[in-house]
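# A look at the structure
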Amino acid sequence: MTTPPVWATLERELFARQDKAWRAFAEKYTEGDGRLVFRDMLGRGTDDRDGVDDFYEPFFTWPTLYLLGGGVDVLTAAYRHWRGVTAQLTEMGMLRDGMDRGYDWFHQGEGMLLFYGLCLALPDDAELRATAVRFADAYLPGGPNYDPEYRVIRAPHVGADGPRWGFSDHDTLFPWSTALCPYGLPLDWIAEAAPFDELVASPARAHAYGRAMWERMGRGDTVVNLAATSLVTNAYLAGGDRRHADWVAEYVGAWRDRLTDHEVLPDNAGLHGVVGEHLDGRWYGGHYGWSWPHGFHSVGPAALIGATNALLVTGDRGFLDLARNPLDAVLRQARQLTEHDLGTLGRRWRPHLRAMPGDRTLMVPLRHNDSGWFDHTVPATQIPVALWQLGREPEDRDRVETLRAGAGWDWGAVHVQRTKEEAGHEEPWYEYLAGRNPEYPERMLRAALAVCAERVAAIDADPLDPAVGPDALDIHHWQERNPVVTEALLHLTTGSPQVLYNGGLAQLHLRYHDGELRRPGLPADVAALVSDTRTDHTVVDLVNVGVAARSLVVQAGTYAEHAVRTVAVDDGPPERATGPYVVVRLPAATRVRLTLTMELRAGAPTYRAPWREDAR
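My aim in this report is to walk through the structure given alongside it, one point at a time. Please read these numbers as outputs of a predicted model, since none were measured by experiment. (Residues numbered from 1 in each chain as written. Predicted model: local features only at pLDDT ≥ 70, side-chain atom pairs only at ≥ 80, totals over all residues. Heavy atoms only, no water.)

### Structural notes on the overall build of the chain
Within the chain, the secondary structure is distributed over 18 helices and 18 strands. Over its C-alpha trace the chain gives a radius of gyration of 24 Å, about what one expects of a compact globule, namely 25 Å for 616 residues. When its C-alpha atoms are laid out on the principal axes, the chain stretches across 75 × 50 × 50 Å. Out of the 616 residues in the chain, the part that is buried amounts to 62%. When contacts within the chain are restricted to residue pairs at least 6 apart in sequence, long-range pairs at least 24 apart make up 73% of them. A total accessible area of about 22300 Å² is found for the chain, and carbon and sulfur atoms account for 50% of it. Charge separation in the chain, taken as the distance between the mean sites of 62 positive and 85 negative side-chain charges, equals 3 Å. (Helix = DSSP H or I, 4+ residues; strand = E, 2+ residues; numbered from the N terminus. Rg over C-alpha atoms; globule rule 2.2 N^0.38 Å. Buried < 20%, exposed > 50% of the residue type's maximum accessible area, 1.4 Å probe, protein only. Contact = heavy atoms within 4.5 Å. Areas by Shrake-Rupley, 256 points an atom, 1.4 Å probe, with all protein chains shown as cover. Lys, Arg positive; Asp, Glu negative; His and termini not counted. Charge placed at Lys NZ, Arg CZ, Asp CG, Glu CD.)

### Regarding the sheet that holds strand β16 (residues 575–576)
With antiparallel pairing, the five strands of this open sheet are ordered in space as β12-β13-β18-β15-β16. Every interior strand has two partners, whereas the edge strands, β12 (526–532) and β16, have only one. For strand β13 (residues 538–544) and strand β18 (residues 590–599), the ladder comprises seven bridges, and the chain directions are antiparallel. For N544, the partnering residue across the bridge sits in β18 and is T590. (Pairing = 2+ DSSP bridges.)

### Notes on the layout of surface pockets
The volume enclosed by the second largest pocket comes to roughly 200 Å³. In this structure, the second largest pocket is lined by 15 residues; those nearest its centre are L237, G239, G240, T606 and R608. When the residues that make up the lining of the second largest pocket are grouped by side-chain class, the tally is seven nonpolar, three polar and five charged. (1 Å grid on protein atoms, 1.4 Å probe; cavity = no way out; pocket = protein on both sides within 12 Å on 5 of 7 lines; lining within 4 Å. Points joined across faces, edges and corners; volume = space filled by probe spheres on them. Nonpolar A, V, L, I, M, F, W, Y, C, P; charged D, E, K, R; others polar.)

### A closer look at unusual backbone geometry
F174 connects to P175 through a cis peptide bond whose omega is 10°. Within the secondary structure layout, P175 lies in the loop between β4 (152–153) and α7 (196–201). Following W292, the chain continues into P293 via a peptide bond in cis, with omega recorded as -5°. Within the secondary structure, P293 is located in the loop between β6 (268–269) and α11 (296–314). At L187, a residue that is not glycine, the phi angle is positive and equals roughly 55°. As for its position among the elements, L187 is in the loop between β4 and α7.

### Structural notes on the environment of G557
Here G557 shows up in the loop between β14 (550–556) and β15 (563–569). Measuring from C-alpha to C-alpha, the distance between G557 and G162 comes to 34 Å, with 395 residues separating the pair along the chain.

### With respect to the pairing of strand β9 (residues 372–377)
Two elements, strand β8 (residues 361–369) and β9, share five bridges in a ladder whose sense is antiparallel. The partner of V364 across the bridge, within β9, is T377. As consecutive antiparallel partners, β8 and β9 are separated by two residues.

### Here we look at the environment of A254
Structurally, the position occupied by A254 is in helix α10 (residues 242–260). In this structure the C-alpha to C-alpha distance between A254 and V152, which are 102 residues apart in sequence, comes to 8.0 Å.

### A word on the pattern of salt bridges
In this structure the tally under the stated criterion is 49 salt bridges. Its salt-bridge partner being R481, residue D462 comes within 3.4 Å of it at the nearest N-O pair. Within this pair, whereas D462 is found in the loop between α17 (440–461) and α18 (487–494), its partner R481 is found in the loop between α17 and α18, the two being separated by 19 residues in sequence. Side by side, D462 and R481 carry an identical accessibility label, which is buried. Through salt bridges that share partners, D321, R324, D328, E395, D396 and R399 make up one connected network. (Salt bridge = Lys/Arg side-chain N within 4 Å of Asp/Glu carboxyl O.)

### Notes on the sheet that holds strand β7 (residues 335–337)
Strand order in the open sheet formed by three strands is β7-β8-β9, with antiparallel pairing between adjacent strands. The open sheet has two edge strands, β7 and β9, and neither has a second partner. Put simply, the sheet's adjacent strands are angled 55° from each other on average, direction ignored. Pairing analysis gives three bridges linking β7 to β8, with the strands arranged antiparallel. (Axes fitted to C-alpha atoms, helices over the stretch in contact; angles between N-to-C directions.)

Pasting the structure below:
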């Protein structure tokens, strides 16, 4: 190779830029022990359980950057920040023994991503492994949060303190804040309900409504608790204790059984495991369920997280039906609508819609209450694309194609956008894998470089007093400036979507390890591009842009759960392979194309590194 491909040069530049960018963030917003600069206090007022996740979220991409090939320093920093933030939140009374005292799993899942990433990156770390087991055991039989007789997590707010009934330690007042006004009221059918403004104006009515909400929504199981299965699956992957895997299968199985008697996956189960037990028989109305506040935006990811974890620990592909059902439920209600019809979660789609040649595109309702389906938006593609990547079933690809056919905007376009999930480019990536968007790698990498540069500029220009930090109402400030962007690298190097932000574990089609340094990630100077992930083969180009030879291990699956059966090099014939690993030695200035065939989920998943004696 005389000249490396542009995508390879851009990929290595993105690694290099981010190695500097995270340091700018850490220098401005963190202290020596890793905690965030914050002089205010959490745990006050009627929303006194909120905020833990926001302290961990700014760092959630940092272990992923290391796992993909970023420098060792970013992992060291991520570990320091996890410890520092944990100490900081403990001092504020938000954690006990390092664990959230109790909050909903829509938010706890977000906050746990940093911890999951550290466990995957450091599988031999005894402290992380012991912590993972301790966290998980709070949800197993004998722990405070789970009732094995009825197979329910006992409340929407759970954690180290066990069930924290209701929604606040101090008051049953609702609404908690006027920021909730756009989402309307949960339980709008009960006698205590009133227009939002009237509840704001009348503390007595707000207390009466809040008490009814506490009784009906503040106890029993809710579908977003499926995100807790990642906590327990993480412990299984770290330690291999089968009781953790068995619990995941049992709990997700309980929700699969609840679906059996309903057309749509219910969002609630009472303390006795009965759907609608505290909601007069309704399958909707649970906390962070179909009715309030986000509907499919919370139900869909939770169902996919639970189904994915159950599939991982059992190999039973039937669990994916649990995730397909909520998606199919909203797709059955899909309509061609305009930008003016966007509901509560439409902001991220406005750049796409404004670039449409026409004025209509496919939208689905996010929510359901006594009046039926409502609150339309453009369907997020991450759920169906992740389903297709996991199951590799034609029916899952058909769902993606349905969305594509109904879209009024260009699926090949790469919009320079950034959400806190560090996702949102599934459509142009899907088009690339389908052979319809050949310029995607370069465009996506340039977009990622632009976003990283924008975040560094925002850090440099931030008027916030670096000695004081934000107040308790502005703790999203850090997330908006995290300059570590990993979506492009996940798509291109591993052939995988971004992790599900509300608590998903990484689901990488391919992983890499530096064969010489014996650490995760691509070696220095090596770039990778996965261009095809069809059921019968995977194609990846590996490029060494440097002047020294490199050695790497290509791993099938995040957890070495897949097995490589054949490997073809460039245009050569396929050769037999066994197990989850392929060793590749790249001379300087070399490009090679591998075509792999795999058997999905051929072995037990594990965090163990390939050089461990007990690795397969």
